[in-house]
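# Structural overview
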Amino acid sequence: KSALTWKIIAKCSRTKARVATLTLPHCPLETPVFMPVATQGTLKGVTTKQLEEMSCDIILNNTYHLGLRPGQELFDDVGGSHIFQNWKRNILTDSGGFQMVSLLKLAEITEEGVQFQSPHDGSLMLLTPEHSMSLQNSIGADIIMQLDDVVASLTTGKRVEEAMYRSIRWLDRCIKAHKNPETQNLFAITQGGLNSELRKICIQEMIKRDTPGYAIGGLSGGEEKDIFWRIVTLSTDLLPKNKPLYCMGVGYAEDLVVCVALGIDMFDCVFPTRTAELFGGREKYPEWAVNALRSVNIELLP
Amino acid sequence: MNTLSFNILKTTENSIRPGKLTLREKTIKTPNCILYTTKGSVPHLTPDNLRHLPFGAVQVTLEQFVDVQPPPSIKFPDGIHKFLNLEDFLVYFDIRDPSKIQTSSFNTDHYVSVRTHQGVRKITADDYIDYMNIYKPDIVANMADILYSERPGQNRVRKSVTRTLQWLDELLNSKKLTVDRRIQEGIHVFGALTGNQYREERKRSAEETMKRDVSDGVLAGIAAGIDLFDTSYPTKMADNGHALTFSLKHSQNQSDFEVSNSSTSNTIPRSINLLDPQFKKDFRPFVPMCTCIACLNYSRAYVHHLVDTREMLGSILLISHNLLQYAQFFQDIRESIENGTFEKDAKMFKDVFGFEELDPATITSSSSSEEASSL
Ligand SMILES: [Zn+2]
C-alpha cells in the first residue's frame, strides 16, 4: 500500500538525475529535495509560517527525541505532530534506532530490537520494530522509516552481513506492525555496508516488499568517497525507477550534487548550513566527485 | 522635518495624563513603552517578527555598545538605525542597561561607570557626546548618576541630583562649543530625573531640569507624569519562561479565562510559567483572543515542550506574546485615562491580579521607581 504518488517531470540526458513531483498526504513537493531537521518538532528559531515562506515543503522530526519529550501519549491526545507544531506540510520521521546507537553508549542490538538504558532513570528499555512503528504512527508523519540494524559504515566482516539480513527481517516486522498504510508511507532502508554483493542481496529482497519508497542507509560514516558513490550508483541502478529514493544523512555540497546526478531524490543532514555553498571557494572539483560524475557521463567545466 | 514635539492631550487633577510625542513624522501616544534591546536587537526577534508588533521606538544603551570599538556607526556612517535594520523605528539612547539595576555603579563628578564584558568602563560627558554623534539616535537621555541601592542616604541622593543636572548642562552647553564638540542637530535630549525616595530631591531634580534650555528642539525631561517605559520587564519574564496573562481590561471579562492554577488566593496569576509540567497537555493559547504569533498558532503544551527542550522558538514565541500583551496594556491604560475611568480600572486590576510591582496607578503617576529616573 502507498500513500504517495510519484511523477517524474524531467530527466537529465547525461546523468541519472531527475526532477519529479512527489505528492504526499499533506502537500505535493518537488524533488530533488533537501529536508531540514526539526529534531524536537521545531526548526531552530524559525516559526512554521516563516518555513512556509521559505518554500519548505517537508521537515524531518526525530522519533527518539519526540518519544522522550513530549512523549507518545501526547501525540495520541493531540492527533499527531502536524497539529502539535502547527505544520501544515509534510513530515518525515526516522525510526529512532540510529539516534540510539549514536547517542547512547549502552545501546545493544539483539534480534528483538535495540536495547538501551533510559537517559532519565537508567532503566533498560527496548526499541523493537513494532514499538518504532507504534511511535511513528502516533507522531503521524507522511513518511516513516523502518527500524534497521545500523552498523558503522567502516565495519567489515560477518557483522555487516548479519545487520543486512536482520534489517530485512525487521522490515517485515515493521510492515506487519504499521497501522496506517493509507496515510503514512513506510520506506525500507537498504543496508549492506560497503559490500556490493550484500547491497545487491538486500535490495533484491526489499524490492519484493514493494514499499512506497526506498532509502540507502549505512553510508556517510567517514568512508572513502570513491567507495561511497559506487555504492550509491549501484543502489540507484538496482532500486525501482518509479519510486522516490532517499540517501540518508548526506548533506555536504559535493555529496548532494553527486548523489543527484546518480539518481537520488531526497536528502537530510544535520549540518544544513554547511551545504550553503555548492563547491564554494574550491578551485577544483574533488577527484572522487569528478570520477562519480564521469560515471554518469557528465562533462565538467574546467 | 526633524523636530520633536510633545503635547499633553488632556490634563487631569493628578499627574496621570495622555500625551503624544511626535518626531520624524512618527507619533507615539503616551503613556507608552519603548522596546528594550540588547545591543540594539530585540531579544530573540528578527525584524519580520518584530514588525508584527505595535512598537515605534527602541531603546539602545551605550553600556552594551562601548565594547564595540570602533563603534559600528563609524564603519556604517548612516548611524545606528541603518546598522540595526530599524530605519522605520525611533531610536532612544541611554547610558545604562535598565534590566541590570542590581549592578552597583561607582560614579564620580566626572564619569559614569558602566559594566561591559571587558570590565568596568568610565564614560565622561564628553565621551557620551562623541558616541551620540556617531550613533545618531533620535533621542538621547542625559547621563544620570543613578543609585541602585535600596535606600541611599540623603547626602548621596543630593549629590546624585546635582551631578545629573551638571551632566545635563554639559550636554546642552556643548551646543555652544566648536562644531565637533557639539551634540548634532536632530538628536533630541531627554533630561533624566533622579532623587530616589526623597520627595524634596525629586522635586529639585524635576524643577531644575525643567528650567534648562528647551529651545532648538531640546525637550528637557517629561517631569510630571512618567510617559515612557521600557520593555525590560516583559523581556525578562519571557527569558524566565513566563507568558504574561494580565491585562487592564481583563478584569471585566475574567470569566472567559481560567488558568488551572494551584494557588489558593482568589486573584488571577499575572503570568504563567511555561516550564511548569501542568501545561504539558494544555492545548489552549496563553491568553484567549490574543493575536500574537504564539497565541494564533501554538498551544501552551507546545511552548512547554519548546521551553522544556530549550528550543529557540520557545523564546521567540514568549517574547512575541509578552511584548504584544505589554503594548496592549499600555493602550488600555491610555484609553482608560481618556475615558476618565483610570482610577477605577486600576483598582480593579489590583484586586484581580494582586499586582504590586506593576500597578498601573504607580506606573502612571509620578512615583519613586527607578524607571522614572531613567526617563
Ligand atoms: Zn499571545
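The shown structure was predicted, so the numbers you read here are calculated from the model rather than taken from an experiment.

Here the focus is the overall build of chain B. Looking only at helices and strands, one finds 13 helices and 13 strands in chain B. By residue count, 55% of the 375 residues in chain B fall in the buried class. Of the contacts made within chain B by residues no fewer than 6 positions apart, 70% connect residues no fewer than 24 positions apart. Carbon and sulfur atoms make up 51% of the accessible area of chain B, which totals about 16500 Å².

Another point: the sheet that holds strand β6 (residues 90–93) of chain A. Residue and element names in this part refer to chain A. Ordered by their spatial adjacency, 8 strands build an open sheet running β4-β14-β13-β12-β11-β10-β6-β5, and the pairing between neighbours is parallel. Looking at the sheet topology across the chains shown, the edges are occupied by β4 (33–35) and β5 (58–61). Mean inter-strand twist for the sheet, computed between neighbouring axes without regard to direction, equals 25°. Two strands pair when backbone bridges link them, and strand β13 (residues 245–247) and strand β14 (residues 266–268) are joined in this way by 2 bridges, in the parallel orientation. When the sheet's bridge partners are listed, Tyr246 is paired in β14 with Met266.

Once that is clear, we can look at the packing of helix α5 (residues 154–173) of chain B against helix α6 (residues 199–211) of chain B. All names here are of chain B. The N-to-C vectors of α5 and α6 enclose an angle of 10°; their axes lie 10 Å apart at closest approach. Taken together, the axes of α5 and α6 are roughly parallel relative to one another. Note on element contacts: α6 touches α5 through Glu201, Arg204, Ser205, Glu208 and Thr209, opposite Val157, Arg158, Val161, Thr162, Leu165 and Leu168. Grouping the constituent residues of the contact of α5 with α6 by class yields 4 nonpolar, 3 polar and 4 charged.

So, on to the coordination of the zinc ion. Where a metal carries four tetrahedral donors, each ideal angle is 109.5 degrees; where it carries six octahedral donors, the ideal angles are 90 or 180 degrees. Residue and element names in this part refer to chain B. Summarising the metal site, the zinc ion is bound by the protein donors Cys290 (SG), Cys292 (SG), Cys295 (SG) and His321 (ND1), whose distances to it range over 2.0 to 2.3 Å. Classification of the site at the zinc ion rests on its 4 donor atoms, whose angles at the metal span 103 to 114°, yielding the label tetrahedral. The sequence pattern formed by the donor residues of the zinc ion is C-x1-C-x2-C-x25-H. Linking Cys295 in helix α8 (residues 293–297) with His321 in helix α10 (residues 312–338), this pair joins segments that are 26 residues apart in sequence. Here His321 falls in the buried class, since its relative accessible area comes to 0%.

Residue and element names in this part refer to chain B. UniProt marks Cys290, Cys292, Cys295 and His321 with the feature "binding site: Zn(2+)" (unreviewed entry), using the numbering shown here. Taken together, the annotated residues stretch across 32 residues yet fold into one region, lying no more than 8.1 Å apart by C-alpha. For Cys290, the position within the fold is in the loop between β13 (271–273) and α8. Look past the residues within four positions of Cys290 in its chain and what remains in contact with it is Cys295, Leu296, His321, Leu324 and Gln325. Residues in contact with His321, not counting those within four places in the same chain, are Ala243, Leu244, Phe286, Val287, Cys290, Cys292, Ala294 and Cys295.

Next up on the list: the nonpolar core. Grouped together as the largest cluster of nonpolar side chains are 86 residues, with contacts concentrated most on Leu62(B), Ile123(B), Leu274(B) and Phe286(B). Both of domain 1 (5–230) and domain 2 (241–350) of chain B provide at least three residues apiece to this core. Excluding its chain neighbours within four sequence positions, the residues that come into contact with Leu62(B) are Phe93(B), Asp94(B), Ile95(B), Ile123(B), Tyr128(B), Tyr131(B), Met132(B) and Tyr135(B). Counting 32 residues, the second-largest nonpolar core is a separate cluster that includes Met164(A), Leu171(A), Phe267(A) and Ala292(A).

For the rest of this paragraph, the subject is the interface of chain B and chain A. Taken together, the contacts link 20 residues of chain B with 20 residues of chain A. Counting each side, the surface lost to burial between chain B and chain A is near 1800 Å², with a carbon and sulfur contribution of 53%. It is Tyr302(B), His305(B) and Glu311(B) in chain B that bury the most area against chain A; as a group they hold 29% of the surface buried on that side. Inspection of the region where chain B meets chain A yields 4 salt bridges. Between Glu311(B) and Lys44(A) there is a salt bridge, and its shortest N-O distance comes to 3.0 Å.

A few words on the sheet that holds strand β10 (residues 188–190) of chain B. Residues and elements named next belong to chain B. Read across the sheet, 6 strands follow the order β10-β9-β6-β5-β4-β11 without closing on themselves; strand pairing throughout is parallel. Sheet topology places β10 and β11 (228–230) at the edges, where each strand pairs with a single neighbour. Taking each pair of neighbouring strands and ignoring which way they run, the sheet shows an average axis angle of 30°. With 3 bridges connecting them, strand β4 (residues 32–36) and β11 associate as parallel partners. Bridging from a neighbouring strand, Asn32 pairs with Leu228 of β11. The strands touched by helix α4 (residues 125–135) are β6 (90–94) and β9 (139–141); relative to β6, the strand with the most contacts, the crossing angle is about 165°.

All names here are of chain B. Summed over the entire model, instances satisfying the criterion amount to 17 aromatic pairs over all chains. Both rings, one in Phe246 and one in Phe349, keep their centres 5.9 Å apart while their planes meet at 85°; by these two values the pair is edge-to-face. Linking Phe246 in the loop between β12 (242–244) and β13 with Phe349 in helix α11 (residues 342–353), this pair joins segments that are 103 residues apart in sequence. Residues Phe246 and Phe349 agree in their burial class; the two are buried. Seen in terms of ring centroids, Tyr326 and Phe330 are 5.2 Å apart; in terms of plane orientation they differ by 70°. Their pairing is edge-to-face. Here Phe330 and Tyr326 lie together in helix α10, a separation of 4 residues that amounts to about one turn.

Quick notes on the rules
- Sequence positions are assigned chain by chain, starting from 1 and proceeding in written order.
- The naming scheme follows written order: chains are lettered A onward, ligands numbered 1 onward.
- Local features in this predicted model are restricted to residues of pLDDT 70 or higher, and side-chain atom pairs are both shown and tallied only at a pLDDT of 80 or more, whereas totals for entire chains, interfaces and linings draw on every residue.
- Only hydrogens and water are set aside when side-chain values are computed; all heavy atoms of the structure are taken into account.
- A run of H or I in DSSP counts as a helix once it spans at least four residues, and a run of E counts as a strand once it spans at least two, with each numbered from the N terminus.
- Each residue's exposure class comes from its accessible area (1.4 Å probe, protein chains only) as a fraction of the maximum for that residue type: buried when under 20%, exposed when over 50%, partly exposed otherwise.
- In what follows, residue pairs with any heavy atoms lying within 4.5 Å of each other are defined as contacts.
- In short, Shrake-Rupley with a 1.4 Å probe defines the accessible areas, and a residue's cover is counted only from the protein chains shown.
- At least two DSSP bridges between two strands are needed for those strands to be called paired.
- Orientation is described by axes fitted as lines to C-alpha atoms, over the contacting stretch for helices, and by angles from 0 to 180 degrees between their N-to-C directions.
- Every angle not falling under 35 degrees, over 145, or within 65 to 115 is termed oblique; those three ranges are roughly parallel, roughly antiparallel and roughly perpendicular.
- Residues are grouped as follows: nonpolar covers Ala, Val, Leu, Ile, Met, Phe, Trp, Tyr, Cys and Pro; charged covers Asp, Glu, Lys and Arg; every other residue, Gly included, is treated as polar.
- Atoms of type N, O and S within 2.8 Å of a metal are treated as its donors, and for Na, K and Ca the window is 3.2 Å; water is not considered, so some sites may appear to be missing partners.
- Any coordination sphere not matching a tetrahedral pattern (four donors, all angles between 85 and 135 degrees) or a square planar or octahedral pattern (four or six donors, opposite donors over 155 degrees apart, other angles between 65 and 115) is reported as irregular.
- UniProt positions are given in the numbering used here, feature names are shortened, and annotations may be inferred rather than shown by experiment.
- Side-chain atoms within 4.5 Å link the members of a nonpolar core, which is a set of buried Ala, Val, Leu, Ile, Met, Phe, Trp, Tyr and Cys residues.
- Boundary definitions for the domains trace back to an automatic or database domain assignment.
- In short, buried area is how much 1.4 Å probe accessible area vanishes from two parts on joining, totalled over both.
- One speaks of a salt bridge when a side-chain nitrogen belonging to Lys or Arg is within 4 Å of a carboxyl oxygen belonging to Asp or Glu.
- In summary, the pairing rule links any two rings of Phe, Tyr or Trp, Trp by its six-membered ring, whose centres are within 6.5 Å, and it sorts them by plane angle into stacked for under 30 degrees, edge-to-face for over 60 and tilted for everything else.

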